[in-house]
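The residues making up each chain are set out below.
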Amino acid sequence: MEEGARSCLLQSRSSLEQDIRASYLMDHMISDGVLTGDEEDRIRKQAAALLELLLRKDNQAYISFYNALVRESYGDLASLLHNSLPLVSPEAEKSFSDGGTRYVQAVLSEGGVPQRPVVFVSRPALVNRVREKLYRLQKEPGWVTVFGMAGSGKSVLAAEAVRDHALITECFPGGVHWLSIGQLDRADLLVRIQSLCFRLEQQSQEKDPSSSLHRPPGSLEEAKERLRFLMLRRYPRSLLILDDIWDSSVLRAFDIQCRVMLTTRDRSLADCVSGFKSEVAVESGLEEDQALEILALYVNGKPQRLPEQARSIVRECKGSPLVVSLIGALLREFPDRWAYYLHTLQQKKFKRIRKSSSYDYDALDQAMAASIQVLSEEHRELYIDLTVLEKDVKVPAKVLSVLWDLEPEEVEDVLQDFVNKSLLFRDCHHRPYLYYLHDLQLDFLAEMNRSGLESLHTKVVRQYQQRYSQGPPTSGDEECLYWFRFLTYHMAKANLTQELYSLMFSLDWVRTKAQIMGPAHLINDYVEYGAILDKENSEVRGHFQEFLSLNGHQLEQRPFPDVVQLALSQPDSSEVYRQALLQAQERATRG
Ligand code: ADP
């Protein structure tokens, strides 16, 4: 029964109990089909018992009771109930702005499913994907894993997916029960399952007073068995939603052959449980239009009329629903701080982006840190090494195999763990796969390891030098390209200026890099690191840059020209000429 009707009955309870003769009304209610003959026997002549029974029933029972009062000339009592009469026409059923019907609302609120956030944008394709997976649980128990990175909107999505009349009536007539999990130990888990069992038993007792309440289960094993019994016997064909699961041992406690949807950052969690499984990946970011809509809703404006910084904010956080909502909530209070919050985001001052009330983590950084904390210590250290990657750069596993000095297979395993925990993304359009971090993750890592950045870059350079002590790789594959593109970058960031000079003032490096990547990147390097190189020798830097500018078009040619020959045409005062001459002489002596 809907909330308003129930509350009206409770408020008018004493008047109703005193005045009515229940038996007169019950004939009408039996003929309406809302009371059974058995129920009539149990409560004969007891108005209090009739009301007690009524409170456990649905809207139809309330209406029938009201009509019975009218028919038996209890007009004054009927008028007490009149204002709260539930609407049951199909229009009324559809009248909720969130698309759910009253029935859906009642089922979800009984099951503790969170309501939509106040500011909400729909993600229809994603919601449909989840619903489609849930429909597969219509005939058999199983698991639907909704996975994605921190703050990508998994919980909101899971709640939204079940806000659907047809889905609930066709697949989960036993109800939908929401359980927030998060990071917890065994004792906490026991308490959570105890309270779930209590809630389920209480609801089932309301529907059937002959069923009894049990003492709470004392151990996890007992709790699991109690839940199994409840789900099988009392709540067949119901859906359990486990929100924010971190640990496979937690999931095992729910491996009781029921229907479960879980949200998690760890895609592989359901591997540890048995039965039919499917999954839905939640993209980390919203489309630009959706993200702008959130900002507009927070500030009560129109997306087209938002200031220019709005787009930059969305771009900066790649449309992360969490970040956009956090900033939206702040802007609601301080509507003229667009530039300030954009700047805060750009400066990665995450601590200033404080929580929105509906989110569990104090600030964005805690949400990110929580993901990293669950890694094993060994993997955490490896993950921190990824701080050195450049934004928007995708790397093959082989680069990390050099960085971590691990066999490629081991590296794949580590990366799989990161990907599963939504800490890393994999681009599957390439073979071999390429891996990359979300900008927010990279910003977070950079912020967290600010003081250790130099030594992290040094590690990259040292590991490269160790692997390629005989000379740089020449295969031209993704790994080789990475080193030619970013070795100088790592050296500069590591402040390894000596290494940077010897690399960039070497004709060998210039030849190989030009051959593999063309001259444009090389020229760019001399511009980018010009200031550092000039500290060693600005003349030599000039020689190399001049050589490249004069011969750029030649270095584009294939077959690749003889660089020594090209370099010999430089003025003899040039360092480039000097090195070329040495090489030519060496060639001559070798014959
Ligand atoms: P996750 O479960 O992936 O960590 P949540 O579902 O809790 O993420 O979402 C994080 C925050 O992002 C929410 O508190 C909400 O403010 C915002 N959010 C997520 N999805 C939406 C959406 N569809 N519309 C508006 N805000 C959203």
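Thresholds, definitions, all that
- Residues numbered from 1 in each chain as written.
- Predicted model: local features only at pLDDT ≥ 70, side-chain atom pairs only at ≥ 80, totals over all residues.
- Heavy atoms only, no water.
- Helix = DSSP H or I, 4+ residues; strand = E, 2+ residues; numbered from the N terminus.
- Buried < 20%, exposed > 50% of the residue type's maximum accessible area, 1.4 Å probe, protein only.
- Lys, Arg positive; Asp, Glu negative; His and termini not counted.
- Salt bridge = Lys/Arg side-chain N within 4 Å of Asp/Glu carboxyl O.
- Polar contact = N/O pair within 3.5 Å; in protein donor to acceptor, adjacent residues only side chain to side chain.
- Contact = heavy atoms within 4.5 Å.
- 1 Å grid on protein atoms, 1.4 Å probe; cavity = no way out; pocket = protein on both sides within 12 Å on 5 of 7 lines; lining within 4 Å.
- Points joined across faces, edges and corners; volume = space filled by probe spheres on them.
- Nonpolar A, V, L, I, M, F, W, Y, C, P; charged D, E, K, R; others polar.
- Pairing = 2+ DSSP bridges.
- Axes fitted to C-alpha atoms, helices over the stretch in contact; angles between N-to-C directions.
- Parallel < 35°, antiparallel > 145°, perpendicular 65-115°, else oblique.

I'd like a description of the side chain of arginine 123, backed by residues and values.
Position of arginine 123 relative to the elements: it lies in the loop between helix 9 (102–110) and helix 10 (124–135). Although buried, arginine 123 forms no salt bridge, and the nearest oppositely charged side chain, glutamate 283, lies 4.6 Å from it. From its side chain, arginine 123 meets the backbone oxygen of serine 152 in a polar contact 2.7 Å long. Excluding residues that lie within four positions of it along the chain, arginine 123 makes contacts with Ser152, Gly153, Val282, Glu283, Gly285, Leu286, Gln290 and Pro321.

How would you sum up empty space enclosed by the protein? Please name residues and give values.
Counted by the stated rule, this structure contains three cavities of 30 Å³ or more. Considered as a void within the structure, the largest cavity measures approximately 70 Å³ in volume. Lining of the largest cavity is provided by Asp244, Ile245, Trp246, Thr264, Arg265, Asp266, Ser371, Val374 and Lys421. Of the residues in the lining of the largest cavity, the class split is three nonpolar, two polar and four charged. By volume, the second largest cavity amounts to about 40 Å³. Considering the residues around the second largest cavity, the lining is formed by Met149, Ala150, Arg265, Met368, Ser371, Lys421, Ser422, Leu423 and Gln441.

Pulling in residues and values, what's your account of the sheet that holds strand 1 (residues 142–147)?
The sheet built from five strands is open, its strands ordered 2-3-4-1-5 with parallel pairing. One side of each edge strand has no neighbouring strand; the edge strands of this open sheet are strand 2 (176–180) and strand 5 (276–281). Sheet twist, expressed as the mean angle between neighbouring strand axes with direction ignored, is 15 degrees. Pairing analysis gives five bridges linking strand 2 to strand 3 (residues 239–245), with the strands arranged parallel. Along strand 3, the bridge assignment pairs valine 176 with leucine 239. Along the sheet, helix 11 (residues 154–161) makes contact with strand 1, strand 2, strand 3 and strand 4 (259–264), crossing strand 4 at roughly 155 degrees.

Could you give an account of the packing of helix 27 (residues 497–504) against helix 30 (residues 530–555), naming the residues involved and the relevant values?
Relative orientation and spacing of two packed helices are given, respectively, by the angle between their axes and the distance between those axes. As a packed pair, helix 27 and helix 30 sit with axes 10 Å apart at the nearest point and diverge in direction by 5 degrees. Of the possible angle classes, the one that applies to helix 27 and helix 30 is roughly parallel. Touching Thr497, Gln498, Leu500, Tyr501 and Met504 of helix 27 are Ile532, Leu533, Lys535, Glu536 and Phe544, all from helix 30. The class makeup of the residues in the contact of helix 27 with helix 30 is six nonpolar, two polar and two charged.

Quick rundown of the pattern of salt bridges? Include the residues and the values.
Should their charged atoms come close, side chains of opposite charge can pair. Here the structure, examined in full by the defined rule, presents 26 salt bridges. The partner of aspartate 443 in a salt bridge is lysine 391, with the nearest N and O atoms 2.9 Å apart. In this pair, aspartate 443 is assigned in helix 24 (residues 439–448) and lysine 391 in the loop between helix 21 (377–385) and strand 6 (395–396), connecting sequence segments 52 residues apart. Given a relative accessible area of 3%, aspartate 443 falls into the buried group. The exposure class of lysine 391 is partly exposed, given its relative accessible area of 32%. When the shortest N-O distance is used, the salt bridge between aspartate 562 and arginine 587 registers 3.1 Å. Of this pair, aspartate 562 sits in the loop between helix 30 and helix 31 (563–568) while arginine 587 is found in helix 32 (residues 575–590), placing the two residues 25 residues apart along the sequence. You can call aspartate 562 partly exposed: its relative accessible area is 32%. Using a relative accessible area of 34% as the deciding quantity, one classes arginine 587 as partly exposed.

If you had to explain the side chain of serine 506 to someone new, which residues and values would you point to?
Among the secondary structure elements, serine 506 is positioned in the loop between helix 27 and helix 28 (507–517). Taking relative accessible area as the criterion, serine 506 reaches 17% and is therefore assigned buried. Those residues in contact with serine 506 that sit more than four places away from it in its chain are Phe544 and Gln579.

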